[in-house]
Amino acid sequence: MITGSFDYHQPGTLQEAVALLAKLGDGARVLAGGHSLIPTMKLRLAMPEHLIDLQAVRELKKIQVTGAEVCIGAMTTQAELIASDELHRAAPIVRETSLQIADPQVRYLGTIGGNVANGDPGNDMPALMQCLDATFVLSGPDGERSVQAREFYEAAYFTARDDLEILTEIRFAATSGGYAYEKQKRKIGDYATAAAAVLLGKGADGSCEQASIALTNLADTPLYCEAASAQLVENGLTEPSVDAAVASAMSQIDPVDDNRGPAEFKRHVAAIILRRAIQQAWARA
Amino acid sequence: MSKQTINLNVNGQSVSAEAEPRELLIHVLREQLKITGPHIGCETTHCGACTVEMDGMSVKACTIFAIQAQGKEITTIEGLGNPDKLHVLQEKFREHHGLQCGYCTPGMITRAHRLLEENPNPTEEEVRFGISGNLCRCTGYQNIVKSVMAAAEELNTTESAS
Amino acid sequence: MSATAESVQDRKAALKGLGTSRKRVEDARFTQGKGNYVDDIKLPDMLFGDFVRSQYAHARVKSIDTTAAMELPGVVAVLTAKELEPLNLHWMPTLAGDKQMVLADGKVLFQGQEVAFVIAEDRYIAADAVDLVKVEYEELPVLVDPFKAELPDAPVLREDIADQKEGAHGARRHPNHIFTWEQGDKGATEAIINEAEVVAEEMVYYHRTHPCPMETCGSVASMDKVNGKLTLWGTFQAPHVVRTVASLLSGIAEHNIRVVSPDIGGGFGNKVGVYPGYVCSIVASIVTGKPVKWVEDRMENLSATAFARDYWMKGKIAATSEGKILGLWCHTTADHGAFDACADPTKYPAGFMNICTGSYDIPTAYLAVDGIYTNKAPGGVAYRCSFRVTEAAYFIERMIEVLAIKLNMDAAELRAKNFIRKDQFPYQSALGWEYDSGDYHTAWDKALEAVGYKKLREEQAQQVEDFKAGKTRKLMGIGLCHFTEIVGAGPVKNCDILGMGMFDSCEIRIHPTGSALARLGTISQGQGHATTFAQILATEIGISADEITIEEGDTDTAPYGLGTYGSRSTPVAGAATAMAGRKIRAKAQMIAAYLLEVHDNDIEWEVDRFVVKGAPERFKTMKEIAYASYNQAIPGVEPGLEAVSYYDPPNMTYPFGAYVCVMDIDVDTGVSDIRQFYALDDCGTRINPMIIEGQVHGGLTEALAIALGQEIAYDELGNIKTGTLMDFFIPTSWETPNYQTDFTETPSPHHPIGAKGVGESPNVGGVPAFSNAINDAFRAFGLTHTHMPHDHWRVWKTANDLGLHG
């Protein structure tokens, strides 16, 4: 399994990277951790003429927690996300999710930017980002702009990112309350059969003050479940309310048949996994 | 595409190779630098037979272009010990029968090495989770886990004794 | 007295012989990254070969245009069937008496089939050139379901033999039919089935899978045109057979071919067959005059070399209402893919499937197997298995459970009621085998006691109640298995491969200073032969295992043998080793007697020396004898101390075991969790308990993989769906449990040291144990049988079909 030939570029700054991408155009791809792109290239499903490796762009590698605001550079690896105690205090769901991605070796190189930007519905970070209501910062020839994670995904491998833009940063508010990322998979290294990210805030009176639900690999994009989230805030965590929230989320999903099983199975498992995630998050709230 | 010079520090030695940008680190190590300890098992980032250490990270050398490793420190199984002084992991894998055909072993030991660097006193569960990027078809992992646990214990004993 | 006794003990321990958990001598190089596998071989001017493969499962090849590939700098040659035809190498014989295309000859019959072979200066250029070869196909209707192979509208796959009414194994009734193999008494069995009080019926499918060793297959061929010698390194589980085949195919005299199996990164049956890659690397080296390497990648491995299983086994089992089994009937539809490339002894087109009466005293039985062509990869290899014994064991161990349900009887009790009793051995089975030895009841009782079987059943019953009461969504499965293996193929009178009798061999040289070199016809792929064969010899000849070098795999030096697969190394080559050792000892006895100036009969063997009877202070050690054999003229005795044994086993060996698996199943997600796995193995005399235990762990993990998810699956167009390790299930350390191992020891009466072989037992017994646990979990809800692999969705579906999701 050998990739096609390409020219390799290693810009030292974001500005250089953006300029290179603009100059090289269609035939160029940005290389982050490479753990989605390189296997695709080895299958010759992608044959870029130029690779722009972002590893030397130092400004893209950072985890900053400023008050209630979290800012993560796109080139931050999953291993770094897991290792950061500061990030864990600010948003523990990130470590919980990151540990369920791929395997240790992949997590050393796989980046958050690569995971959210390539639009693979199997990736875990996109739903997490929707759950966190994260903002993606994109830099292109026309400067910088922001897109909400909940608006970013259009279809499998199609996102709001323009081909000439680089996803540079991810920002979200620190979380409070309970959290859970539940994922069913066949083995370590597998994509989700179904996975759910849930954040719940519990009021002093036991009411649900805040809820956010998103799902992985159950449609051709990650799914933010707005109605289901609202349902829990409105009616709390009673059994009928959770039932209604799950039912609402399930009305959004559109899983496909694959080696993990047919859509019918995934629909059933998705509901179970979401329910467990809600229960776990509530127990932690 | 033309070849470029790639400078690496492999097992403490500065080395260089001429390679096209698309040449994978595993191929440059094995074909040019004659470092044949790391193996190729799947080529799709699943099996971990090609695991090496790169700047303190366990990585799968089949999913890195050599040029991405420009200027980096690489440690392979060949760099962990030598016939006169084996690494404790190498000894413990033998002692606890942590290998059979030997094909996954270099990657497995190299991975276990990094695991113990980061977590010198792992539980069995942490070892199992920590080596889950390395497949083995022969051992059923039971003796591999035993070997890694035994190595951790010995390293800790030596540490506290000194 | 005690001092002498102690020193005998000490000397015995110093030998590190039989029964010692000796550390492996192989490990030094493997743990230091100094193994030498085929892809590690690098020769001057070596070229690299890569295949153009078919993306279609069935298509006519209209044209192959290699122009653009040939124009790519660094490409040396492109071979197609057209280039191979003048050499008569465009087809090759298979081990099963069929023939197989080396490169597509007019049509392709499975996805991934070899169409052209590109030879280039390195693997990068070769890969680019593969993309430049233009092949024009005309798609043909695809046959993937073996049950549709003989329908009127079925496409004819093998046009080359469409008109042949007679195949290698008898009559063919249809162009897509390969053979029918019948064993046992059909009439008598059907009469029993018709009249019995209780008959249980089931279709038991053992799905298609793949051995998938960590190292894929590969070869390096180097034709030395000056000396006319061909050297072929490769991943060969049977190097001597490869040499003979290579000679017959290429016309190069056998003495001019040297085949070398270097270190092999796991075989599990994948590396028994002869593959187009091997042949093409040889031809390429002959054509180019340079060494040529071919190494397949993982996707090629999974899609083109050596699938295993794919047996549809329809069974009927008859019993009295008290549970005494009276008869067993089985009809198997065997999906062989595009070519019959099974690696079975010639007379056994369905391998040892006729061991399907298992551990039970079943007086009457009948087996028929129909081999069928489909548009899938060829193979049918014995994946950690002795020629279809895994299929047989799975079949009978499922049928026993199905019968237990029908009888409303505990499955452990039903087994115990029907085991062949200890006093019945040697036991003649209804399907023609003579089981050499066994003590099934003892093993079974030990296993049930070890796991607390009665308590487990009580807990399970309680859990079923709790489930019905809505208190839990989990169910508990208890998977039982008592298997009998048949290994050590085999007696030359009925076992051969391509006409070569399935003996094996050992050649020993004792050096003047008393260390030794032994060479065998087998080849280790991780089993630790260099360690264990030295142990056998240490006990036989009284030289420490540490002073014995074992060599295998080089046909220029090793004696002819049939190789390592089917758990045959210990039963056959291990026996040869012991026998050659005994020849050494016999000669040593003559030398010792001469040195001690007594008659041969006046001395006796004691651990590492010959001692004069009644005068223990007068002795000669094997080391002294060895030295004397080189430096003294002994009347009537040739100088030196060497021996050779070619061992033709009188019978197969029959290892057995009792396994219990306890599984917790999440009914809502289909996720199963192995709570406990107990494995008792009886492999006769135990040579190295550490290695035995390691083999059991590994075999059980392969069994786990197969039972719970590992499959080679195709869609209706014959596209492979499980071509990478993302989808082809190999459990990691995280999904794999710890196993509890145990043993009984019933030596084989006909093997020189009583050993039976163990490598495959855990796979043979493990698969039914895992599968029975899944099936058993749902027994209380009316399930009789559900097919493997029991991955999440299939387990979920089983629960769903039973109405357990409300």
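Rules and cut-offs
Residues numbered from 1 in each chain as written. Chains lettered and ligands numbered in written order. Predicted model: local features only at pLDDT ≥ 70, side-chain atom pairs only at ≥ 80, totals over all residues. Heavy atoms only, no water. Axes fitted to C-alpha atoms, helices over the stretch in contact; angles between N-to-C directions. Helix = DSSP H or I, 4+ residues; strand = E, 2+ residues; numbered from the N terminus. Parallel < 35°, antiparallel > 145°, perpendicular 65-115°, else oblique. Left-handed = near helix turned anticlockwise from the far one by under 90°. Contact = heavy atoms within 4.5 Å. Core = buried A, V, L, I, M, F, W, Y, C linked by side-chain atoms within 4.5 Å. Buried < 20%, exposed > 50% of the residue type's maximum accessible area, 1.4 Å probe, protein only. Phe/Tyr/Trp six-rings, centres within 6.5 Å; stacked < 30°, edge-to-face > 60°. Lys NZ or Arg CZ within 6 Å of the ring centre and 35° of its normal. Domains from an automatic or database assignment. Buried area = accessible area lost by both parts, 1.4 Å probe. Salt bridge = Lys/Arg side-chain N within 4 Å of Asp/Glu carboxyl O. Polar contact = N/O pair within 3.5 Å; in protein donor to acceptor, adjacent residues only side chain to side chain. Nonpolar A, V, L, I, M, F, W, Y, C, P; charged D, E, K, R; others polar. Pairing = 2+ DSSP bridges.

Caption draft 1: Up close: the packing of helix α2 (residues 88-95) of chain B against helix α3 (residues 105-118) of chain B. All names here are of chain B. At a closest axis distance of 10 Å, the pairing of α2 and α3 adopts a crossing angle of 125°. Considering their axes alone, α2 and α3 lie oblique with respect to each other. Between α2 and α3 lies a crossing of right-handed hand. On α3, the residues that touch L89, Q90 and F93 of α2 are T105, M108, I109, A112, H113 and L116.

Caption draft 2: Seen up close, the nonpolar core. Residues and elements named next belong to chain C. Ranked by size, the top nonpolar core spans 218 residues in total, and within it F117, M353, F677 and F770 carry the most contacts. The residues touching F677, leaving out its near neighbours within four places in the chain, are Y659, V660, C661, L700, Y739, Q740, G766, A769 and F770. Residues I510, I548, A588 and I603 belong to the second largest nonpolar core, which totals 48 residues.

Caption draft 3: Local environment of the packing of aromatic side chains. Residue and element names in this part refer to chain C. Tallied over the full model, the rule gives 39 aromatic pairs over all chains. Ring geometry for F677 and F770: centres 4.9 Å apart, planes at 40°, overall tilted. Separated by 93 residues along the polypeptide, F677 in strand β34 (residues 672-682) and F770 in helix α18 (residues 761-777) bring together distant segments of the chain. One exposure class covers both F677 and F770, and it is buried. Chaining the aromatic ring pairs together yields one cluster made of F51, F117, F236, Y275, Y278 and W294. Here the basic side chain of K99 rests over the ring of W91, its NZ or CZ set 4.6 Å away from the ring centre. The cationic tip of R568 hangs over the ring face of Y565; the distance from NZ or CZ to the ring centre is 5.6 Å.

Caption draft 4: Layout of the domain arrangement of chain B. Residue and element names in this part refer to chain B. If you check the domain split of chain B, you get domain 1 (4-79) and domain 2 (88-161). Averaged C-alpha coordinates put domain 1 and domain 2 at centres separated by 22 Å. Taken residue by residue, the interface counts 19 residues in domain 1 and 14 residues in domain 2. Both sides of the domain 1 and domain 2 interface together cover about 1200 Å² of buried area, and 52% of this is carbon and sulfur. The largest contributions to the domain 1 side of the interface with domain 2 come from H39, E53 and I77, which together make up 40% of the buried area. For the interface between domain 1 and domain 2, the tally reads one salt bridge. For R114, the salt bridge is made with E53, and the minimal N-O distance between the two is 3.5 Å.

Caption draft 5: Main features of the interface of chain B and chain A. Contacts between chain B and chain A engage 33 residues on the former and 30 residues on the latter. Our count for the contact surface shared by chain B and chain A stands at one salt bridge. Note that B:K60 is salt-bridged to A:D103, the shortest N-O span being 2.6 Å. Viewed at the interface, chain A and chain B are joined by twelve residue pairs in polar contact (both at pLDDT 80 or more). Broken down by element, the residue count for the side of chain B that touches chain A peaks at four residues, all from strand β4 (residues 57-60) of chain B. For the side of chain B that touches chain A, the residue count by class is 13 nonpolar, twelve polar and eight charged.

Caption draft 6: Inspection of the sheet that holds β34(C) at higher detail. All names here are of chain C. Spatially, four strands are ordered β23-β33-β34-β35 in an open sheet, and the strand pairing comes out mixed. Two strands lie at the open edges of the sheet, namely β23 (474-484) and β35 (740-743), each paired on one side alone. Taken over all neighbouring pairs, the strand axes of this sheet differ in orientation by 15° on average, direction set aside. Two strands pair when backbone bridges link them, and strand β33 (residues 656-666) and β34 are joined in this way by ten bridges, in the antiparallel orientation. Of the residues in β34, the one forming a bridge with V662 is Q676. Together, β23, β33 and β34 form the strand contacts of helix α13 (residues 453-468), whose direction differs from that of β23 by roughly 145°.

Caption draft 7: Up close: the pairing of strand β16 (residues 292-295) of chain C. Residues and elements named next belong to chain C. With burial as the criterion, each face of β16 is covered, one bearing V292 and W294 and the other bearing K293 and V295. With three bridges connecting them, strand β1 (residues 47-53) and β16 associate as parallel partners. Its bridge partner lying in β16, F48 is registered against K293. Bridge count for strand β13 (residues 218-224) against β16 is four bridges, and the pairing is antiparallel. Each residue of the ladder has a partner; that of A221, found in β16, is V292.

Caption draft 8: Spatial organisation of the environment of B:C104. Residues and elements named next belong to chain B. Secondary-structure assignment places C104 in the loop between α2 and α3. Expressed as a C-alpha distance, the spacing of C104 and C136, which sit 32 residues apart in the sequence, is 6.0 Å. Not counting residues up to four positions away in its chain, the partners in contact with C104 are L135 and C136.

Caption draft 9: Focus on the domain arrangement of chain C. Residues and elements named next belong to chain C. Considered domain by domain, chain C is made up of domain 1 (2-35 + 504-647), domain 2 (38-140 + 217-295) and domain 3 (307-489 + 652-801). Spacing between the C-alpha centres of domain 2 and domain 3 amounts to 37 Å. Carbon and sulfur atoms make up 58% of the surface buried where domain 2 meets domain 3, a total of about 1500 Å² over both sides. If you sort the residues of domain 2 by the area they bury against domain 3, F110, Q111 and F268 come out on top, with a joint share of 35%. Applying the counting criterion to the domain 2 and domain 3 interface returns zero salt bridges.

Caption draft 10: How the structure looks around the interface of chain B and chain C. Contacts between the two partners involve 52 residues from chain B and, on the opposite side, 53 residues from chain C. Together chain B and chain C conceal approximately 4600 Å² of surface at their shared face, both sides included; 53% is due to carbon and sulfur atoms. Of all residues in chain B, B:R94, B:R137 and B:Q142 bury the most surface against chain C, accounting for 19% of the area lost on that side. The interface formed by chain B and chain C contains six salt bridges. Between C:D39 and B:R30 there is a salt bridge, with its nearest N and O atoms 3.8 Å apart.

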